[in-house]
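Given next are the chains, with one letter for each unit.
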Amino acid sequence: MENRSQACSRPRVIILVVIVLVLLCAAAGMIAWAITRENSFTDDTSGMTSWTVGKAEFQLKNDSLVLAYDQPVKFRGQFGVNQPLGSPIDCSEAADLDLCLDWNGDRKLEIEYSLEGNVSCHEIQWTAQKCQNQILKDCFDIGESHWYGGYEDFHQYWPLERTTRNTSAYTPTDTYMDEIGDVVDRYFISTEGIGIFIEKDVPLYISINESEDKRICLTSTYKDMYPYVNTEGKLPSLKYHVCRAGNVRKIHDYMSNRFHGKPSDIPDERLFKYPIWSTWAQYHTEINQTTTLQFADDILQNNLPHSQIEIDDNWTPKYGDMTFDTVKFPYAKRMIKDLTNKGFRVTIWVHPFFNIDSKNFKIGASQENQYFLRQVGSDLPALVTWWRGEAAAVLDVSNPKAVDWFLGFLSQLKSEYNISSFKFDGGNGGTVPKVFSFQNNDSNPNVYAELWARLAYRSDTTVRHQEVRVGASTYDLPMFVRVLDLTSSWDRNNGLEKLIPVAMTFGILGYPFVLPDMIGGNGYIGVPERELYIRWLQANTFLPAMQFSIGPWLFDQEVVNISRDYINLHAKYADVIVSLAREATTTGAPIIRPLWWVAPDDPDAQTIDSEFLLGNDILVAPILKKGARYRDIYLVEGQWQDMLRGSVLQAGWIRNYTADIHELPYFIRLNSSVTINY
């Protein structure tokens, strides 16, 4: 990011060589000074002016505004990073605010303080006054705290301070491309009881540990052409809330209740009990009527339970034409009737893209319809490249007529073919045009993900057995949110080790109904190895839902039997999961919880990323390492029944706990009221 003077001025021609040399020397000195100042908090108090607002002290020294929270200092921040602030006008009394500082003609800072019980909050708002390219940037020390929240990530480090992210637009993009992922919330919490929530309309960029600076930085600017398109010439603002409570659990409860909505209901209970079976990872795009029927028969012949079967990618003649390809599916209606008669509900894959060779592209792009995102200042559709096409239009989900048009196709698939529900793919900012025109003129790219998810919910409001892969201010929607395609590998690079951290992150961000993607991963480089498949199955067993694609019969009968056993184990605890899902609608609590949920001040519980709690009373510690037959397990406070060995164990570390290939270590809190279905 360039500094303010660079952003708001035009380069000038310097004629005299002497002046050039002088300016270059001065600039070099200023750069060295700025770098030193940005990456350190000086203890020099000379020339310092300070303001106390609640429990926070704001210190202006050497043209730098520093936040110090409590004594001894546990949380520090630097405001106006890279912007020499000078002396402001104190406008607090005139503005009737706890603190108002005005750098006349440049920027203004407004702070309001509130106290609710034992939780204190500062509402902080910077407003640019000079130009739309101004950069407003505040940074906060990570310190010795552990941090959580943020976004779905390719690696999903837990705690969050283990990650490194250079300054990036904070919008739902593509997890698979190692960008900020499909599920995003402007929300961060720490073990010191600090919570940060950034307002939705801020053109936000974020960095974490950039240049190993051990800071989280928030930036607001319209400097770049996209993704925050600013055709109206608005001046940027940076508005956020910093709150503090006694510990990480207390601050999460407060922040979640204040800033997150709660699900209005829960998804279909059958999805919590029995697996979804998708054609994707086993067949990818090579599906047809024969393979789909064979897939269903294999499930039944191996006596494997199911909630529904999902016909995935490449069932249409062209991408965007919402009807079956009659070459691949010559008798689609009969096929779906046969599947229904076998006991399957049938769902189908849909997306917002219309390739230019599809019939529906011509209809949607017509002058009288204009159902697609448009080029700025034009009635023509803005085309994109996506993973199934070099040139495609994208549905304008802000256009009510376009939404109704799309939902009409889905309704027709239900009535004509007896399709039960849908898997909604896409919807993130990575596959919409970088510059485009919405019908509603909203320039925030997060809006596309939000409106796509809301369209998805409208497709099935009664049974609610659809799935979507994006989340952005859609906490209220009672449907499963899918983790983006995981890789069939053991490591944290989108593999098995990511599974637990991403499930916990979804819950903290306000999305309790996490669908953890395909057991065994997506098989992009072939069928996963046998051991990986079994350990993945075990790690998934106590998560809210199970989704298979690669059939266990591709391995051997023992894997089929193990799969059946763990599907049945999941079903035994389905009532617990459903009860926790209903709890989420009243409290906002996640179904899958980190260990610190019940032990927020326990240093071990704060960093463990390979165990999780189902509710408060079931602790799960799967084997996640290749070739391992034992692992260390940490039990949080209380007494725990070992469900493999039958013994009662005390809190603390269990070293070298053994678990053979068919065994999943899990524990139930002694004297808890966990209900098991037999």
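Residues numbered from 1 in each chain as written. Predicted model: local features only at pLDDT ≥ 70, side-chain atom pairs only at ≥ 80, totals over all residues. Heavy atoms only, no water.

(A) Region of interest: the overall build of the protein chain. Regarding its fold elements, the protein chain presents 16 helices and 33 strands. Over its C-alpha trace the protein chain gives a radius of gyration of 27 Å, about what one expects of a compact globule, namely 26 Å for 678 residues. Nonlocal contacts in the protein chain, meaning residues at least 24 apart in sequence, comprise 68% of its contacts between residues at least 6 apart. Total accessible area on the protein chain stands at roughly 26,000 Å², and carbon and sulfur atoms take up 49% of it. Between the averaged position of the 63 positive side-chain charges in the protein chain and that of its 84 negative side-chain charges there is a distance of 3 Å. (Helix = DSSP H or I, 4+ residues; strand = E, 2+ residues; numbered from the N terminus. Rg over C-alpha atoms; globule rule 2.2 N^0.38 Å. Contact = heavy atoms within 4.5 Å. Areas by Shrake-Rupley, 256 points an atom, 1.4 Å probe, with all protein chains shown as cover. Lys, Arg positive; Asp, Glu negative; His and termini not counted. Charge placed at Lys NZ, Arg CZ, Asp CG, Glu CD.)

(B) Looking closely at helix H14 (residues 557–572). Between the first and last C-alpha of H14 there are 23 Å, a value that for 16 residues agrees with the 22 Å anticipated at 1.5 Å per step. When H14 is considered as a whole, its buried residues turn out to be Val559, Val560, Ile562, Ser563, Arg564, Tyr566, Ile567, Leu569, His570 and Ala571. Lining the buried residues of H14 we find helix H5 (269–273), strand S17 (276–278), helix H13 (530–540), strand S27 (547–548), helix H15 (574–587) and strand S33 (666–669). The N-cap residue of H14 is Asp556: its side-chain oxygen and the backbone nitrogen of Glu558 are 3.1 Å apart. (Expected span 1.5 Å × (residues − 1). Buried < 20%, exposed > 50% of the residue type's maximum accessible area, 1.4 Å probe, protein only. Polar contact = N/O pair within 3.5 Å; in protein donor to acceptor, adjacent residues only side chain to side chain.)

(C) Broad picture of the sheet that holds strand S24 (residues 467–468). One open sheet accounts for eight strands, arranged S26-S25-S24-S23-S19-S18-S17-S27; its pairing is parallel. Looking at strand neighbours, the two that pair on one side only are strand S26 (514–515) and S27, the edges of this open sheet. Bridge count for strand S18 (residues 308–311) against strand S19 (residues 346–350) is three bridges, and the pairing is parallel. Residue Ile309 lies in a different strand from S19, and its bridge partner there is Val346. (Pairing = 2+ DSSP bridges.)

(D) The sheet that holds strand S32 (residues 648–658), seen in detail. The strand order across the open sheet built from six strands is S28-S29-S30-S33-S31-S32, with neighbouring strands paired in antiparallel fashion. This sheet does not close on itself; its edge strands, each paired only once, are strand S28 (592–593) and S32. With three bridges joining them, strand S31 (residues 630–642) and S33 adopt antiparallel strand pairing. Along S33, the bridge assignment pairs Trp640 with Arg669. The sheet contacts of H15 involve S28, strand S29 (612–614) and strand S30 (618–620), and relative to S29 the element is tilted by about 90°. (Axes fitted to C-alpha atoms, helices over the stretch in contact; angles between N-to-C directions.)

(E) Looking closely at the environment of Arg669. With respect to the helices, strands and loops of the structure, Arg669 is situated in strand S33. A residue is classified by how much of its surface remains accessible, and Arg669, at 18% relative accessible area, is buried. Taking the C-alpha atoms as reference, Arg669 lies 9.3 Å from Val648; in sequence the two are 21 residues apart. Setting aside residues no more than four positions away along its own chain, Arg669 makes contact with Val598, Asn616, Asp617, Val636, Glu637, Gly638, Gln639 and Trp640. Within polar-contact distance, the side chain of Arg669 engages the backbone oxygen of Glu637 at 2.8 Å.

(F) Spotlight on the confidence of the model for the protein chain. Summary statistics for the protein chain give a mean pLDDT of 91 and a share of 92% for residues scoring 70 or more. With pLDDT under 50 throughout, residues 2–6 is counted as low confidence; its partners more than four residues away or in other chains account for eleven contacts. Predicted confidence is poor over residues 10–47, with pLDDT under 50, and the contacts of this stretch with residues over four places away or in other chains come to 36 contacts. (pLDDT = per-residue confidence, 0-100.)

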